[in-house]
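Examining the three-dimensional arrangement
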Amino acid sequence: MKSEWRRYAPLGLYVSLLGVLATAAIFFFVQKIDWKFGIGVGITLLGLLAYVVLDPQQIKKIFTGRQARFGSNTLLILIGLIGILVLINFLVSETSIQWDLTADKENTLAKESIEVLQNLPDTVTIQAFYTSRMSTETVSNLLNQYADKSQGKLEYNFIDPDVQLALAQAEGITQDGTLILKMGERREKVTSAQEQDVTSALIRLMNPDQPAIYFLSGHGEHTPETTGNGSVAQLKSTAEQKNYKVGTFNLLETGSIPADARLVIVAGPQKPLSQGEVDVLAAFSAQGGSLIVMEDPVLATEFGDAPDPLAAYLSDTWGIVLTNDIIIDLVGQQLLGQPFVAVGVNYSTHQITADLTGLTTYFPNARSVTTRAVISGITYDDLVTTAGQSWGETDMDSLLANSPEPNDGIDQVGQLSLAMAAENSTSQARLIVFGNSGFAVDSSLSAGGNLDLIVNSIDWTVKQEELINLTEKVVTERVLNVPASRYTVPVLFLGSLCILPFGIVVAGIAVLIIRRRR
Amino acid sequence: MRNIWTIARREYKLFFISPIAYVVAFLFMLVLGLFFSLTMYGSISQMAYSPTAPSPQMVISPMVTILLFTIPAVTMRTIAEEQRSGTMELLLTAPVRDWELVLGKWLGSFLFMASLLLLTGVFPLVLNFMVKPGIDFGPVIAGYLGLLLLSSSMLAIGVMVSALFANQIAAFFISLGVVLALWLSNQFTSYVQGFWKTLLDFLDIITHFVSFYRGTIALKDVVFFISLTALFLFFGTALVEWRRWR
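Residues numbered from 1 in each chain as written. Chains lettered and ligands numbered in written order. Predicted model: local features only at pLDDT ≥ 70, side-chain atom pairs only at ≥ 80, totals over all residues. Heavy atoms only, no water.

1. Details of helix H3 (residues 57-75) of chain B
Residues and elements named next belong to chain B.
- Spanning 19 residues, H3 covers 27 Å between terminal C-alpha atoms, matching the ideal 27 Å at 1.5 Å per step.
- Considering bend angle alone, the principal kink of H3 is centred on leucine 67 and spans about 35°.
- The buried fraction of H3 amounts to 16 of the 19 residues, a majority that puts the element mostly inside the structure. (Helix = DSSP H or I, 4+ residues; strand = E, 2+ residues; numbered from the N terminus. Expected span 1.5 Å × (residues − 1). Bend = angle between axes of the 7 residues up to and from the residue. Buried < 20%, exposed > 50% of the residue type's maximum accessible area, 1.4 Å probe, protein only.)

And the structure:
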């Protein structure tokens, strides 16, 4: 090749370099080898070819000269070093050797959680739904510990529900900071990212036990078997996703409760249950079975003046009274223009409602629930109450005349209880009484915290809310102990911003002066 | 070993002779002091309502960002200055191996950074006097170990880049670019999948530092920083050697 052509040879290398960069960028963003990738490779090869053709002597020198000899040695050592480093890092990353230096072992999972993780039968993925407004530092630390101890069987990712709205809706996310744990087809929802809750959810995922819950039918109750108005099919679907077996039964047909039932739900009967049916339910409860009773105001049912043996049983055996009223809530009037929708805003610290703070629950046509008397051996909890601007209207005629007014001394006024949980310490039976059934039907289930309220209620009654008690951690409380002096802050600023930094400047100047004198 | 130690000592002394070390140390302490005093001011003003003491990590956290800018300034002159002043040829003909030269330069810079970090230890100690029953020193120890390892790998990058240039400013900006790329590598993970995602996640130096920050010493993170240091020191040695082949 003529020597004047040789000076154009580096241009070939520049073209080739551009080709490499373009190919790398294409592969990085497209993630597949397609025609664009091919063009990038083509440009690279053309550039190299041009260099070889324009300056063949340089090529000969590169491959046979001193640089080639030293360069190939270095390249071989480099490949060997990278190989060794990759291998060591890979082997070490497979282990979870670490030392938690914090005094309270903040970064160490309880031994119970570690045991659960070591026995995971399948891969668990955790989707953490956190908006950018919520800090992920604590939960990220916790999930990282779970992932580290899972031997690769647990992975997690953060999803911003504001960005991935469709996914968040599909997963039924109603609260910022919700975790969805999935193992195969099964899923668990955790609204409080505490170690206790996450480990319990993992146990529920692993547990092959499929607790059976049954809806009573035969009295016009809401049923999961139909769709449309009054259906609780969505609730059934959610419960099945949580590994519950859901069915219905009619006591008049079967005469007994299915043998595998852990919970019976009486979801808004339109006609009263017979005394015989109530006796069967009472016997079931006496043997430790759990009940969820949802009864609407009499005016909204076909009870009329007929006696209600179920309400009588609840009052006599459990001390819980379904008041014969209908709640009129001015908050419902303000928010929805419907005073007959009771709005739950106050929640107890009970496990069912502890995570509902900040959410509202909506109960269309509700009656209040109270305790007649505290019965020995039974513990009670007012789960949800209305705000103060409500009353339980007992004068049904005034309702029919469309002129309800709170009557002092007759109607309950103020915060009214919408649901009450009770547990019998002897039989271990659990009961929840709701003065409403409409909140759990498909058309209301996604409103506010309704879904969480009913699902948490099912978990609690079936005793799935907390399957393990983790060893409690001692947390040292560290408080500021600064003398109450007006000089404290100035001294702090003086020391931090003046003495230390300017001390260094003075030292620098001193060194400079000493060196000059020498 | 003696050669490495001789070079490291000379390098360490040079830091205290040149004004750069004092400027770097001054800015380091000033920014950290500002963070410390503002956080303490906020906590003291809220003491009546919430007496909970601020965690000692408040000292560690800003230092990570300060290191990003100070380390390229510390390393920019290490080898670049030898090339600019023409003493590099002298060093290359001296009975010193290339790797000894690079390791000595890195060790000198590392000792300087370690001295600077030691100086910042005054903040956790002051905080300890203001907290009852004292601060948790576990996260402080782990945090400082993490800072030393982070500094070690960033210094190796800086020394390597310094071997590429005779111009200190170029060395500063290229070092900053490389460190910043490792710093932000996980920001690109949402664009890629599979191997590239794993690689970018792995290369993210902040992810590896977080466990130290929380008070945990994880073996995999220690090994990561040591590996990064070894790799870039090797690159640095190769670049010095390259001068002989030319």
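2. Considering empty space enclosed by the protein
- Inspection of the entire model under this criterion finds 2 cavities of 30 Å³ or more.
- Considered as a void within the structure, the largest cavity measures approximately 50 Å³ in volume.
- For the largest cavity, the full set of lining residues is Glu188(A), Arg204(A), Asp209(A), Pro211(A), Lys242(A), Asn243(A), Tyr244(A), Asp459(A) and Gln464(A).
- When its residues are assigned to classes, the lining of the largest cavity shows 2 nonpolar, 2 polar and 5 charged.
- Forming the walls of the second largest cavity are Leu91(B), Leu92(B), Val96(B), Arg97(B), Asp98(B) and Leu101(B).
- At the level of elements, helix H5 (88-93) and helix H6 (98-120) of chain B are the ones that each hand at least two residues to the lining of the second largest cavity.
- Its residues assigned to classes, the lining of the second largest cavity shows 4 nonpolar, no polar and 2 charged. (1 Å grid on protein atoms, 1.4 Å probe; cavity = no way out; pocket = protein on both sides within 12 Å on 5 of 7 lines; lining within 4 Å. Points joined across faces, edges and corners; volume = space filled by probe spheres on them. Nonpolar A, V, L, I, M, F, W, Y, C, P; charged D, E, K, R; others polar.)

3. Some thoughts on unusual backbone geometry
- In this structure, the amide linkage connecting Lys132(B) to the following residue, Pro133(B), adopts the cis form with an omega of 5°.
- Within the chain, Asn365(A) stands out as a residue other than glycine whose phi angle is a positive 60°.
- Structurally, Asn365(A) can be placed in the loop between strand E13 (361-364) and strand E14 (369-371).
- Within the chain, Gln428(A) stands out as a residue other than glycine whose phi angle is a positive 65°.

4. Here's the deal with the sheet that holds strand E18 (residues 417-424) of chain A
Residue and element names in this part refer to chain A.
- In space, the 9 strands of this open sheet follow the order E7-E6-E8-E9-E19-E18-E15-E12-E13, with mixed pairing throughout. Edge strands, defined here as strands with exactly one partner in the open sheet, are strand E7 (245-250) and E13. This sheet shows a mean twist of 25° between the axes of neighbouring strands, independent of strand direction.
- Inspection of the sheet shows strand E9 (residues 290-294) paired to strand E19 (residues 430-434) by 4 bridges, in the parallel sense. (Pairing = 2+ DSSP bridges. Axes fitted to C-alpha atoms, helices over the stretch in contact; angles between N-to-C directions.)

5. Digging into the interface of chain A and chain B
- Between chain A and chain B, the contact holds 55 residues from the first and 64 residues from the second.
- Approximately 5,200 Å² of surface area, both sides summed, lies buried where chain A meets chain B, with 71% of it carried by carbon and sulfur atoms.
- Put simply, chain A and chain B have 1 salt bridge between them.
- Among the salt bridges present, the one from Lys220(B) reaches Asp148(A), with a minimum N-O distance of 3.1 Å.
- Per-class residue counts for the side of chain A that touches chain B are 29 nonpolar, 17 polar and 9 charged. (Contact = heavy atoms within 4.5 Å. Buried area = accessible area lost by both parts, 1.4 Å probe. Salt bridge = Lys/Arg side-chain N within 4 Å of Asp/Glu carboxyl O.)

6. Some details on the pattern of salt bridges
- A full pass over the atoms with the stated rule returns 19 salt bridges over all chains.
- A salt bridge links Glu240(A) to Lys236(A); its shortest N-O distance comes to 3.8 Å. In this pair, Glu240(A) and Lys236(A) both sit in helix H10 (residues 233-241), 4 residues apart, roughly one turn of the helix.
- Judged by relative accessible area, which is 40%, Glu240(A) ranks as partly exposed.
- The closest approach of N and O atoms between Glu82(B) and Lys105(B), which form a salt bridge, is 2.5 Å. Note that Glu82(B) is positioned in helix H4 (residues 80-85) and Lys105(B) in helix H6, a separation of 23 residues in sequence. For the pair shown, Glu82(B) and Lys105(B) are each scored as buried.

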